[in-house]
Structure formats: structure tokens, C-alpha cells
Amino acid sequence: MEQYNENENEAIYRRFKESLSNGGGEYFDEDDIIDIFDTAGDFNDEYIRVEALLYAARYFPESKHMADRRAIFYHSYSDTMRDQFLVDHPEQVTFITSVLRLLSVGQTKEQIRESLDKLIADVSELEDEELIQLVDAAAALEMHDWLADNLELLKSKTPYPQTLLYEYDIVFENIKRYDICIRVLEELTMLEPFNGEFWRLLAQTYMENDNMEQALGAVDYALAIDPADDVAAVVKAEIMYRTGGKEKMKEAISLLEPILSKDSARDDVYQPLALCYLACGETEKLALLLDSVMLIRPGDEWVAGTYMTLRPEKIPAALEAYAAAGEHTEEDWVKLAEFVGDSNPSAGADVMLRAASATELTTGWDILLQMLYNAARYRELCDLVQTHDKYPSMRSNFTHSMSMLFVKSLVVLGEFGNAVSYARAWCDSFDRNGAGDNPSMELRFQAMTMFMRDIINKYSTEDK
């Protein structure tokens, strides 16, 4: 879980870690090692998971529970490692290995359902790790309907349903089945009404389902349980922002500013705070926030895009900082260009021009020319096309729409002779079959042909 509560298992886990640094003299029984491995998994502590497996191999070589955890460990790294372990240990027939074997065998949905039904029918009680592996495997096999149908049955097979319900929330949140998430989270808050994390998760799910009033009630419970829960405060601020109104925005600001003052790198804080400043007209605060965040996250698309949109005078510096922040793919550059180009086509063109010097463009050339045209930067567009030998990838990715933009720009600039010459060359180069067998492309191709012929007919008699 996101916030792991201090308990006996965690205490044993920490004792084991300390014993390793002290020479490893302390003894742990089999149950301890099982708990240590599972708790290390909750903390994503791969080192301790490996050490627990090594300890078990030395002191409990016949332990089926730890053999299960070896299978889980291999499964977390690759399907190949998991499958090889299961092949090498056919004698290891447990609930967990049976679940993992389902992932290795190609079956129809109906066969998987039958296998899962049989697995469940054959057990009277399931441990936490067994439930976790079952839910994860069923989700991986896209058996979400089976999980939804069997929630009550699975609950009847565990004395501690909280683990099961929590896993359900994770799985169904991934596929945006908020109806299931709300169902299990509401039950979790009834089972553990003083667990602030459950109330916060419920608030987030209500919010995603557009139940803002219920979301606000749930997050207020979370903050009543733990007023210092910064994550819950961020959730409440987002609810305030989404429900609108200047007073609510100001409340959101009052929640977010203290959090950011403690940690200026909080990704989940500076974006909603910037949006609230913008909505409230707090331009001075917004400028200071963007200046500070650009120093920390210059390579973040949202940060750079927002900075360039709201501080256009800083576009050159922001572009250089973005480029210097690390490798960016063509897709990254295009996303940034579209971000800023939506409201400022010229800025979008600047982004793509910088991209052309930073990476090899393919589809990006088309986007660059479109943004130059939208920004009325016709001379730059024509110069770029006429000197395309400097960019070999432009030549190999030159599209018919780029040809149209070039000719239209020549016309706007009054270079009718050049426009006619290019249009004639285009018509001489392509015939009616230029689009192949694609009907959609054929229609576009015909439209292009008509456009080029119109240019020839309209301007061929103009003074050159």
C-alpha cells in the first residue's frame, strides 16, 4: 500500500536489515522469513527479497512457502525466468505456483475461467500473498469480469479482506472501472474507518467519477484523521480547482503553498498551484512559480510548455533549457510544440525549428511547416523548403500537404512565377495513381491535383 503502517511485520523486516549490517548473527524462523520477503516486496526492496531467499535456502531448503516466493521473485523479473523455474520444479504444486502456471499456458477465456473456478473451489482459506498473486494473474489474463463476479466468494475465503479489496482497487483503477473501485474502497473505509489512506483513495476515485461532493467529504475525513497528510491536501486542492469559483481556488492555493514551501520539487503540487494562480489572476505569483520550477524541471513538457505559453519573452531561454535537460524524442518535441502552438503558432514553430537541430525529424517536418504557415512566417517556410538539402530527412519525408503549404506561401509572398513552376513540376511528377489503392489518399490526391492546376490556371498569366 502507498503508506505502509508500522506493524509487527515491518519491525521484523527492519530487524533483518539491521542483522545483515551487523554480521547476520540473529536467527529468524520460517514464518519470519516469509513475512520479511513479503514486506520487502511492499517496499520494493529487492536487496532484502534476495537476502531472504538466500537465508531460506540455507536454513529452510524444504520450505514450500519460500519456494513459492522464489517463483514470485522470478515472475517479477521475466516470464522466461518464471516459466523455467516452474518447469524445473514440477513437484512444486501449490496455490501460488498453480496461479503462475496459468500465465504460462495459452488458454481460451472459457478455459481460464474454469481453471480459476477450480482453483478457488479447492481451497477454504487464502493467505494475503495468495490473494495478491491471484488478483494480479487474473488481471494479466484480462479476466476482470471473473474478478468482479467472484469478489464476494474471495472475501469469504480470507479472514482479512482488506488486502483483497486494496488489490481490487489497484486492478480496476487501471482499467477505469470506478464503479468497482468505489465499491471496494467504501467497504475498506467501513472496515478501517481510521485509515486516512483509504479515505484519500476513495476521494480520488469519487473525483475521477465526477462525484465532487462525495469526494470532498471523503478527503475531509482523511485530513481529519491526519491533518499533516500532504497527499490528501493536494487531492482536496484539486477538488477545489475542479469545482471552480474564485473562493475555492483561493482555498486550494492556501493548501498547496505550504506544501511547496517544504518541497519545491513536488510534481503533484506545482501544476495545480500554477493553474489556480492563473485562474485567480495571480500573475506575479505565477511568474515566480514558473521561474523556480523551470530551474528544477526544465525538461518537463508541461513545465516548459506552460512557461513558454505564459512567459513568451522567455521562449528562447526555455527552449535551450529544455534541449539541454536530456535526450528528447521527436514525439516529445511535437507534444511540446502542439502544447504551445495551440495558442501561439509562432512559438510552436520555434519549438519545431529547435527540434530540427536536436533530433532527426520525420512527421515533424509537416508539423513545422504547418505552424510556420499558421504563424504567417511565409518567408521562413519558403527558405526552409528551398534549402532543404541541409536537412536530408526533410526531403525523404516531404508530403503533398507540405507542397501545398509551400505553394500557398509563395502566392502570399507574390512569387507567382515560382508558385506556377512548382505546381507544374508537381503535376508532371504525379499521376492519378499516385495515391495507390487507398481511397482516402486518392481523394486527397485528387484535391491536391485540383489545387495545383488552379494555381497554374490562375497565375500562369500574371506578371513575373
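Residues numbered from 1 in each chain as written. Predicted model: local features only at pLDDT ≥ 70, side-chain atom pairs only at ≥ 80, totals over all residues. Heavy atoms only, no water.

Draft legend 1. The packing of helix H15 (residues 230-243) against helix H16 (residues 246-262), seen in detail. Relative to each other, H15 and H16 sit at 150°, their axes nearing to 8 Å. Relative to H16, the element H15 lies roughly antiparallel. The crossing of H15 and H16 is left-handed. On H16, the residues that touch Asp-230, Ala-233, Val-234, Lys-236, Ala-237, Met-240, Tyr-241 and Thr-243 of H15 are Lys-248, Met-249, Glu-251, Ala-252, Leu-255, Leu-256, Ile-259 and Lys-262. Across the contact of H15 with H16, the residue classes break down as 10 nonpolar, 1 polar and 5 charged. (Axes fitted to C-alpha atoms, helices over the stretch in contact; angles between N-to-C directions. Helix = DSSP H or I, 4+ residues; strand = E, 2+ residues; numbered from the N terminus. Parallel < 35°, antiparallel > 145°, perpendicular 65-115°, else oblique. Left-handed = near helix turned anticlockwise from the far one by under 90°. Contact = heavy atoms within 4.5 Å. Nonpolar A, V, L, I, M, F, W, Y, C, P; charged D, E, K, R; others polar.)

Draft legend 2. Structural context of unusual backbone geometry. In the Ramachandran plot, Asn-44 falls in the positive-phi region, its phi being about 55° despite a non-glycine side chain. Within the fold, Asn-44 resides in the loop between helix H2 (30-42) and helix H3 (46-59). Positive phi, normally seen in glycine, also occurs at Glu-142, with a value near 60°. Considering the arrangement of structural elements, one finds Glu-142 in the loop between helix H8 (128-140) and helix H9 (144-149). A residue is classified by how much of its surface remains accessible, and Glu-142, at 54% relative accessible area, is exposed. (Buried < 20%, exposed > 50% of the residue type's maximum accessible area, 1.4 Å probe, protein only.)

Draft legend 3. Representation of the packing of helix H12 (residues 178-191) against helix H13 (residues 196-208) in the model. Closest axis-to-axis distance for the H12/H13 pair is 9 Å, and the angle between their directions is 155°. Classed by the angle they form, the pair H12 and H13 counts as roughly antiparallel. Here H12 runs over H13; the crossing is left-handed. Between H12, through Tyr-178, Cys-181, Ile-182, Leu-185, Glu-186, Leu-188 and Thr-189, and H13, the contact on the second element is made entirely by Phe-198, Trp-199, Leu-201, Leu-202, Thr-205, Tyr-206 and Glu-208.

Draft legend 4. Broad picture of the packing of aromatic side chains. Tallying each qualifying case throughout the model produces 22 aromatic pairs. Relative to Tyr-59, the ring of Tyr-27 has its centre 6.1 Å away and its plane inclined at 90°; by these criteria the two rings are edge-to-face. Of this pair, Tyr-27 sits in the loop between helix H1 (8-21) and H2 while Tyr-59 sits in helix H3; the two residues are 32 residues apart in sequence, bridging distant segments of the chain. Pairwise contacts between aromatic rings join Phe-16, Tyr-27, Phe-28, Tyr-55, Tyr-59 and Phe-60 into one cluster. Here the basic side chain of Arg-14 rests over the ring of Phe-43, its NZ or CZ set 5.6 Å away from the ring centre. (Phe/Tyr/Trp six-rings, centres within 6.5 Å; stacked < 30°, edge-to-face > 60°. Lys NZ or Arg CZ within 6 Å of the ring centre and 35° of its normal.)

Draft legend 5. Spotlight on the pattern of salt bridges. Inspection of every chain in the model, using the stated rule, returns 30 salt bridges. Taking the shortest distance from any N to any O, the salt bridge between Glu-152 and Arg-183 comes out at 3.1 Å. Here Glu-152, found in helix H10 (residues 151-155), pairs with Arg-183, found in helix H12; they are 31 residues apart in sequence, far enough to count as distant. The partly exposed category is assigned to Arg-183, whose relative accessible area is 35%. Residues joined in a network through salt bridges with shared partners are Glu-152, Lys-155, Arg-183 and Glu-187. (Salt bridge = Lys/Arg side-chain N within 4 Å of Asp/Glu carboxyl O.)

Draft legend 6. Up close: the confidence of the model for the protein chain. Chain-level statistics for the protein chain give a pLDDT mean of 90 and a share of 95% at 70 or above. Looking across the protein chain, the model is least confident in helix H28 (residues 439-459), with a mean pLDDT of 81, and most confident in H12, with 97. With pLDDT under 50 throughout, residues 1-5 is counted as low confidence; its partners more than four residues away or in other chains account for 18 contacts. (pLDDT = per-residue confidence, 0-100.)

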